[in-house]
Amino acid sequence: MSKPALSSTSIPISRVCAQVQTNGHSVPTHVAIIMDGNGRWARRRGLPRIEGHREGTRNVSRILDALGKHGIPYATFFAFSTENWNRPRVEVQAIMTILEETIDKETPTLVEKNVCFRYLGRTDRLTPQLRNAITRVLELTKNNTGLTLSVALDYGGRDEILQAVRQIASDGVPPEQIDGELLQRYLYTHDVPDPDLIVRTAGEHRLSNFLVWQSVYSEYYSSQVCWPDFDEAELAKALRAFSQRKRRFGALPPEE
Ligand code: IPE
Ligand code: IPE
Ligand code: MG
């Protein structure tokens, strides 16, 4: 099938038309999740916010398994944004400890399940313990060929674009060589397709600086459920909604 010529500012079709057809239903290749509502989940139970973060972090492996069952090859979870540093110090420290413990604890399971771990975000502001846990899981899963799990931590979409631009400038790339394809190669997500579906929990309808460059043609789904309660059934609802969307990428479908 011949593809139309794309200008250097267009989005390559291969990156935005990633979804596959399974039994007549459209299944996303890449599902990205904004895991929101941990604090509200805890408050409603009279628990400290930290307990919401703990339960929310536990939920990642459950949903990862569910995504695997649906045959989805790429999953991204937004764990901590560049703006989340503005939260009280005790909450930030507790989140960092929970993440470090969870990554350490889950590493053998990820290895066993053939999951390839990817990290999206800055690492210079993390605790050395968390940085070590990340380095270890990256190393131990780098040759795995199953589901690609990206964790966005100290991640901000604008920050990602800025660091890419700085790196392009410091590499001395001539301006005429800078196009969308080149910029993409400098992003944290350089070897991950753009997300087909972005799910946000806890009823919010914002991106909050998540995958700013990559989400231009993503489908959005907002679930009312707080992240720790987001289960297989909720995921199935999101996937069903996605399968009914008509994606056009600015063009017209053949029948029109
Ligand atoms: C998401 O849950 C986790 C992080 C942003 C780290 P929240 O902590 O934002 O939960 P709410 O939005 O206050 O309920
Ligand atoms: C977005 O949630 C970031 C993560 C889920 C990690 P926030 O709770 O930080 O977003 P806002 O502040 O409601 O936009
Ligand atoms: Mg929130």
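Refer to the structure printed above.
Calculation rules
- Residues numbered from 1 in each chain as written.
- Chains lettered and ligands numbered in written order.
- Predicted model: local features only at pLDDT ≥ 70, side-chain atom pairs only at ≥ 80, totals over all residues.
- Heavy atoms only, no water.
- Near = heavy atom within 4 Å.
- Polar contact = N/O pair within 3.5 Å; in protein donor to acceptor, adjacent residues only side chain to side chain.
- Areas by Shrake-Rupley, 256 points an atom, 1.4 Å probe, with all protein chains shown as cover.
- Helix = DSSP H or I, 4+ residues; strand = E, 2+ residues; numbered from the N terminus.
- Nonpolar A, V, L, I, M, F, W, Y, C, P; charged D, E, K, R; others polar.
- Phe/Tyr/Trp six-rings, centres within 6.5 Å; stacked < 30°, edge-to-face > 60°.
- Buried < 20%, exposed > 50% of the residue type's maximum accessible area, 1.4 Å probe, protein only.
- Pairing = 2+ DSSP bridges.
- Axes fitted to C-alpha atoms, helices over the stretch in contact; angles between N-to-C directions.
- Core = buried A, V, L, I, M, F, W, Y, C linked by side-chain atoms within 4.5 Å.
- Contact = heavy atoms within 4.5 Å.
- Expected span 1.5 Å × (residues − 1).
- Salt bridge = Lys/Arg side-chain N within 4 Å of Asp/Glu carboxyl O.
- Bend = angle between axes of the 7 residues up to and from the residue.

Draft legend 1. Seen up close, the site of ligand 2. Residues in close proximity to ligand 2 include Ile-34, Met-35, Asp-36, Phe-78, Ala-79, Phe-80, Asn-84, Arg-87, Arg-200, Arg-206 and Ser-208, which together make up its full environment. Separating an oxygen atom of ligand 2 from a side-chain N or O atom of Asn-84 is a distance of 2.9 Å. Ser-208 is positioned with one of its side-chain polar atoms (N or O) 2.6 Å from an oxygen atom of ligand 2. Expressed as a share of its isolated accessible area of 390 Å², the protein-covered part of ligand 2 is 77%. When residues of the shell around ligand 2 are assigned to their parent elements, the largest contribution, 3 residues, is made by strand 4 (residues 74–81). For the shell around ligand 2, the residue count by class is 5 nonpolar, 2 polar and 4 charged.

Draft legend 2. Examining the packing of aromatic side chains more closely. Per the counting criterion, the structure on display carries 8 aromatic pairs. Here Phe-78 and Phe-210 contribute two aromatic rings whose centre-to-centre distance is 4.5 Å and whose plane-to-plane angle is 10 degrees, an arrangement assigned as stacked. Of this pair, Phe-78 sits in strand 4 while Phe-210 is found in the loop between strand 7 (197–200) and strand 8 (219–222), placing the two residues 132 residues apart along the sequence. On the basis of relative accessibility, which here comes to 8%, the residue Phe-78 falls in the buried class. The buried category is assigned to Phe-210, whose relative accessible area is 0%. Taken together, the aromatic side chains of Phe-78, Tyr-155, Tyr-188 and Phe-210 make up a single cluster linked through ring pairs.

Draft legend 3. Summary view of the sheet that holds strand 3 (residues 30–34). A sheet is described by the order of its strands in space; here 6 strands give the open sequence 5-6-4-3-7-8, paired in parallel fashion. A strand with exactly one partner marks an edge of an open sheet, and here the two such strands are strand 5 (116–120) and strand 8. Along the sheet, successive strands turn relative to each other by an average axial angle of 20 degrees, direction set aside. The sheet contact formed by strand 3 and strand 4 spans 5 bridges and is parallel. Within strand 4, the position partnered with Ile-33 by the bridge is Phe-77.

Draft legend 4. A look at the nonpolar core. Phe-77, Leu-149 and Leu-153 are the most contacted members of the largest nonpolar core, which totals 41 residues. With 6 residues, helix 4 (residues 89–112) is the largest single contributor of residues to this core. Those residues in contact with Leu-153 that sit more than four places away from it in its chain are Phe-80, Met-96, Leu-99, Tyr-119, Leu-120, Gly-121, Arg-122, Leu-126, Leu-130 and Ile-134. With 10 residues, the next largest nonpolar core counts Phe-78, Leu-120, Ala-152 and Ile-198 among its residues.

Draft legend 5. Looking closely at helix 3 (residues 49–69). Its 21 residues give helix 3 an end-to-end C-alpha distance of 31 Å, which sits within 8% of 30 Å, the value for a rise of 1.5 Å per residue. Within the sequence span of helix 3, burial applies to Gly-52, His-53, Glu-55, Gly-56, Thr-57, Asn-59, Val-60, Ile-63, Leu-64, Ala-66 and Leu-67. Against strand 3, helix 2 (38–44), strand 4, helix 4, strand 6 (148–155) and helix 8 (232–243) lie the buried residues of helix 3. Looking one or two residues beyond helix 3, the residue adopting positive phi is Gly-71, at roughly 75 degrees.

Draft legend 6. Expanded view of the pairing of strand 3. The element strand 3 is extensively covered by neighbouring structure, given that 5 of its 5 residues are classed as buried. Side chains of strand 3 alternate between two faces, with His-30, Ala-32 and Ile-34 and Val-31 and Ile-33 buried alike.

Draft legend 7. Region of the structure containing the pattern of salt bridges. Throughout the structure, instances matching the rule amount to 23 salt bridges. Glu-91 serves as the salt-bridge partner of Arg-49, at 2.8 Å between the closest nitrogen and oxygen. Placement of Arg-49 in helix 3 and of Glu-91 in helix 4 is noted, with a sequence separation of 42 residues between them. The closest approach of N and O atoms between Glu-204 and Arg-206, which form a salt bridge, is 3.4 Å. Take Arg-206: its relative accessible area is 45%, and that puts it in the partly exposed class. It is possible to trace a salt-bridge network through shared partners that takes in Asp-36, Arg-40, Arg-200, Glu-204 and Arg-206.

Draft legend 8. Local environment of the pairing of strand 8. Burial along strand 8 is one-sided: Glu-219 and Tyr-221 are buried, while Tyr-220 and Ser-222, pointing the other way, are not. For strand 7 and strand 8, the ladder comprises 4 bridges, and the chain directions are parallel. The partner of Leu-197 across the bridge, within strand 8, is Glu-219.

Draft legend 9. Geometry of helix 4. Here helix 4 is 24 residues long and its end C-alpha atoms lie 35 Å apart, about the 34 Å a rise of 1.5 Å per residue gives. Taking the largest bend as the criterion, helix 4 deviates by roughly 40 degrees, centred on Glu-106, and proline Pro-108 comes between one and four positions later. Restricting attention to buried positions, one finds in helix 4 the residues Glu-91, Val-92, Ala-94, Ile-95, Met-96, Ile-98, Leu-99, Ile-103, Glu-106, Thr-107 and Leu-110. Where helix 4 is buried, its residues meet helix 3, strand 4, strand 5, helix 5 (128–141) and strand 6. Count one or two residues on from helix 4 and you reach Asn-114, which has phi positive near 65 degrees.

So far we have only geometry, and geometry alone does not tell us how the molecule works.
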